[in-house]
Every structure is written in C-alpha cells, then in structure tokens.
Amino acid sequence: MTENTTNETVLVTAATGKTGRRVAERLTARGVRVRAGSRKGAVAFDWADESTWAPALHGTDAAYVNYFPDLAAPDAPQVMRAFGRAAAEAGVRRLVLLSGRGEPEAVVAEGALRESGLELTVVRAAFFAQNFSEGAMREGVQAGEIVFPARGTAEPFVDADDLADFMVAVLTEPEHRGAVHELTGPRLLTFAEVAQEIGRATGRDVRYVPASAAEYAQALQQFGLPEPDAEWLAGLFDTLLDGHNASLTDGVERVLGRAPKDFADFAKDSAAAGAWAA
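Here the residue index of a chain counts from 1 through its sequence in written order. Note on the predicted model: pLDDT of at least 70 is required for a residue's local features to be given, and 80 or more for side-chain atom pairs to be given and counted; whole-chain, interface and lining totals, by contrast, use all residues. Hydrogens and waters are ignored; side-chain quantities use all the structure's heavy atoms.

## A look at the pattern of salt bridges
Salt bridges are counted wherever a side-chain nitrogen of Lys or Arg sits within 4 Å of a carboxyl oxygen of Asp or Glu. One pass over the full model with this rule turns up 21 salt bridges. Across the salt bridge formed by Arg207 and Glu145, the nearest N and O atoms sit 2.5 Å from each other. Of this pair, Arg207 sits in strand β11 (residues 207–210) while Glu145 sits in strand β7 (residues 145–148), and the two are 62 residues apart along the sequence. Several salt bridges share partner residues, and in doing so they unite Arg21, Arg22, Arg26, Glu134, Asp161, Asp162, Asp165 and Arg258 into one network. Secondary structure is summarised from DSSP: a helix means a run of H or I of at least four residues, a strand means a run of E of at least two, and numbering begins at the N terminus for each.

## Some thoughts on the environment of Glu115
Position of Glu115 among the secondary structure elements: in the loop between α4 (104–114) and β6 (119–125). Residues Glu115 and Pro69, spaced 46 residues apart in sequence, show a C-alpha to C-alpha distance of 21 Å. We define a polar contact as two N or O atoms separated by no more than 3.5 Å, with the added condition that, inside protein, one atom must be a possible hydrogen donor and the other a possible acceptor, whereas residues neighbouring each other in sequence contribute only through side-chain atom pairs. Polar contacts involving the side chain of Glu115 include one to the side chain of Arg81, which spans 2.8 Å.

## Focus: the pairing of strand β5 (residues 94–100)
Regular strands place side chains that alternate from one sheet face to the opposite one. Three exposure classes are used, based on accessible area relative to the maximum for each residue type with a 1.4 Å probe and protein chains only: buried under 20%, partly exposed in between, and exposed over 50%. Most of β5 sits inside the fold, with seven of its seven residues counted as buried. Place the viewer so that the strands point away; then a crossover is right-handed whenever the path from the first strand over the helix to the second strand goes clockwise. Crossover connection from strand β4 (residues 62–65) via helix α3 (residues 76–89) to parallel β5: handedness right-handed. Between any two strands, pairing holds if DSSP finds at least two bridges. Sheet analysis places β5 next to β6, joined by seven bridges and oriented parallel. Residue Leu97 lies in a different strand from β6, and its bridge partner there is Val122. Where the polypeptide runs from β5 across α4 and back to β6, its parallel neighbour, the crossover connection is right-handed.

## Structural notes on unusual backbone geometry
Here the residue pair Phe68 and Pro69 is connected by a cis peptide bond, since its omega of 15° sits within 30 degrees of zero. With respect to the element layout, Pro69 can be found in the loop between β4 and α3. With a phi angle near 50°, Ala14 is a residue other than glycine that sits in the positive phi range. On the secondary structure map, Ala14 appears in the loop between β1 (9–12) and α1 (18–29). Here Ala14 falls in the partly exposed class, since its relative accessible area comes to 23%. The phi angle at Arg151 is positive, at roughly 50°, despite the residue not being glycine.

## Notes on the side chain of Glu173
Mapped onto the fold, Glu173 is located in the loop between α6 (160–172) and β9 (180–183). Residues counted as positive are Lys and Arg, residues counted as negative are Asp and Glu, and His and the chain ends are not counted. Buried charge Glu173 goes without a salt bridge, the closest partner of opposite sign being Arg30 at 4.8 Å. A polar atom in the side chain of Glu173 sits 3.1 Å from the side chain of His176.

## What about the packing of helix α7 (residues 191–202) against helix α11 (residues 263–272)?
Geometry is summarised by axes, namely lines fitted to C-alpha atoms with helices restricted to the contacting stretch, and by angles between N-to-C directions that run from 0 to 180 degrees. As a packed pair, α7 and α11 sit with axes 8 Å apart at the nearest point and diverge in direction by 40°. The angle between α7 and α11 places the two elements in the oblique class. Seen from above, α7 lies across α11 with right-handed handedness. Contacts between α7 and α11 involve Val194, Glu197, Ile198, Ala201 and Thr202 from the former and Phe263, Ala264, Ala267, Lys268 and Ala271 from the latter. For this classification, Asp, Glu, Lys and Arg are treated as charged, while Ala, Val, Leu, Ile, Met, Phe, Trp, Tyr, Cys and Pro are nonpolar and the rest, including Gly, are polar. Residue classes in the contact of α7 with α11 are distributed as seven nonpolar, one polar and two charged. Should an angle fall under 35 degrees it is taken as roughly parallel, and over 145 as roughly antiparallel, whereas 65 to 115 is taken as roughly perpendicular and any remaining angle as oblique. Left-handed describes a crossing whose near helix is turned anticlockwise from the far helix through less than a right angle; right-handed describes the clockwise counterpart. Contacts between residues were defined by any pair of non-hydrogen atoms, one from each residue, lying within 4.5 Å.

## Thoughts on α11
Looking only at α11, the buried set comprises Phe263, Ala264, Phe266, Ala267 and Ser270. Projection of α11 onto a plane perpendicular to its axis shows the buried side chains occupying an angular sector of 160°, all on one side. Among the exposed residues of α11, those oriented more than 90 degrees off its buried face are Lys268 and Ala272. Elements in contact with the buried residues of α11: β10 (189–190) and α7. Within two residues after α11, Gly274 carries a phi angle of roughly 85°, on the positive side. Here the arc refers to the set of directions running from the helix axis out to each C-beta atom.

## Digging into the confidence of the model for the protein
Close reading of the predicted structure is inappropriate where its pLDDT is low. Confidence per residue, as judged by the predictor, is encoded in pLDDT with a range of 0 to 100. Confidence along the protein averages 94 in pLDDT terms, with 98% of residues attaining 70 or more. Below pLDDT 50 for its whole length, residues 1–5 participates in 12 contacts with residues either more than four positions away or in separate chains.

## Topic: the side chain of Arg124
Mapped onto the elements, Arg124 comes out in strand β6. In terms of polar contacts, Arg124 uses its side chain to reach the side chain of Glu110, at 2.7 Å. Each residue touching Arg124, except ones within four places of it in the same chain, is listed here: Ser99, Gly100, Arg101, Val107, Glu110, Val180, His181, Glu182 and Leu183.

Printed below as a string of structure tokens:
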C-alpha cells in the first residue's frame, strides 16, 4: 500500500543530475511537494558549501541524498556525517541515500549518515546505462569508441528511469524505511557488448577500447577534471570492474512489480531520442 505523502515536502539533492532530475519529476507528478536543490537552481544546494544545507532542509520531511562526485570519495564520510546532523537539526524524519554497489568505501559513508539517527533507506545501484548517453562517455560513443578501464568484466547496467521509479517507491512507501536495497539491470554485459548494442541501435560502428586506470585518468584530465580527482575516479572504476559486481538482483521486480529495462531497449530508445546525434 502506498502512503499518502502529498502533505510532505521532499528535498531532492543534485536535482539537475541524472537521477535527481528524474526523481523530482516523478515525485511532483505524484503530488508530492518537491524542493529541488542544486548549485544554480531556485533552491541553492551545494555539497561543497555547507551553508546552503540548512536553508534547503528547513521545513522538509524527507530527503533524497545523492552525493557528488561519489559516495566512495575520500571526504564522503565527513560530509555525510555533517549532512546528517544538519538534517536532524532541521527536523527531517527520513533519508533515502543513493549508494554504489560493491563499494566498501561507500558503506563507510552510509554508516556516517546513519549516525544521524534518522530513518535511512540505502539503495546501492549498479552502473547507469545513461552514463553512455548523458555522461562523459557520450562523446566517445559519438566518435565510435568507448574508452574505459573495464577489461572484459561484465556489469549489470541499470536504467536511470528504473532507478528513479525505485527511489520514488522507497520515498513514499513506508515498508522500505530502514532497508538496504541493491539495484541492477536484467542481464550482464561487457563493455564490448555494450558497444555492440549501441552500434546496432544507432546503425554506426561503435567499439570498446580497453584502457588502464592511468590512461583513463589522463583522458579525464583532458575533459577538465583536476589530476587528483581524475586519478581517484579512474582508480575507483578500475576497482569496481574487477568482476565482484558481476551478478544480478531482483530489486526492481520485488519493489516495482515489473522487469527492469534491458540495455538493448535503452539503446534503441536513446538512439530514437537523438542521444547520440551529432
């Protein structure tokens, strides 16, 4: 049974990002009052500026917590601990946290947020399919090459729309409070298979080019990422794609009552929507 949350206000952090935007749209469609927090939006919220947190949290009942750049970042536990205190002081009752699947460092940050004493639901998600259509790898797809430190490892890519539907469910249905969920797509694909699926959907030649963590860090720096951040992020991807996440979960089916979206369908829909158009 879905709880009536139309009298509640939910803060959505990083509300212009891949998942925040989708979560905010879906909550609004359900009649939930949404406070869309972002660095440049009407509701100022910046993870790097703690002074923006209390005003954004004031008067809210719940929050969707999506930490940037990643919950496995070295400073994430400290930030989560401080944010949890701010949320408790603002009278927030519950939090829903986006975490990374198979990231031991992210689990530490989860624990730091849990110290707030607030009701906390954690959703540990696999690699987003939309990273190929909305993220830094989009330009590589357009150029015909996906360069990434993934070796031949398979990943259960999850669709961001499925994740957003899932987040709305755990934000509005009381039975999920305090739970820890793992979310994946319906099948495992290597990055070479991803390139093939996108190639079939676009009618273009797209190939996967394996890279070392060091090579990928250099590529990230060319996109403007500072050297320490680039090296950390490349190292994170190299660790995550060592095979330990190469398994599926039934989270979408259990919570949403339907099958998760397959990567092939994501690729077809994205191509039809012009995601990789020049």
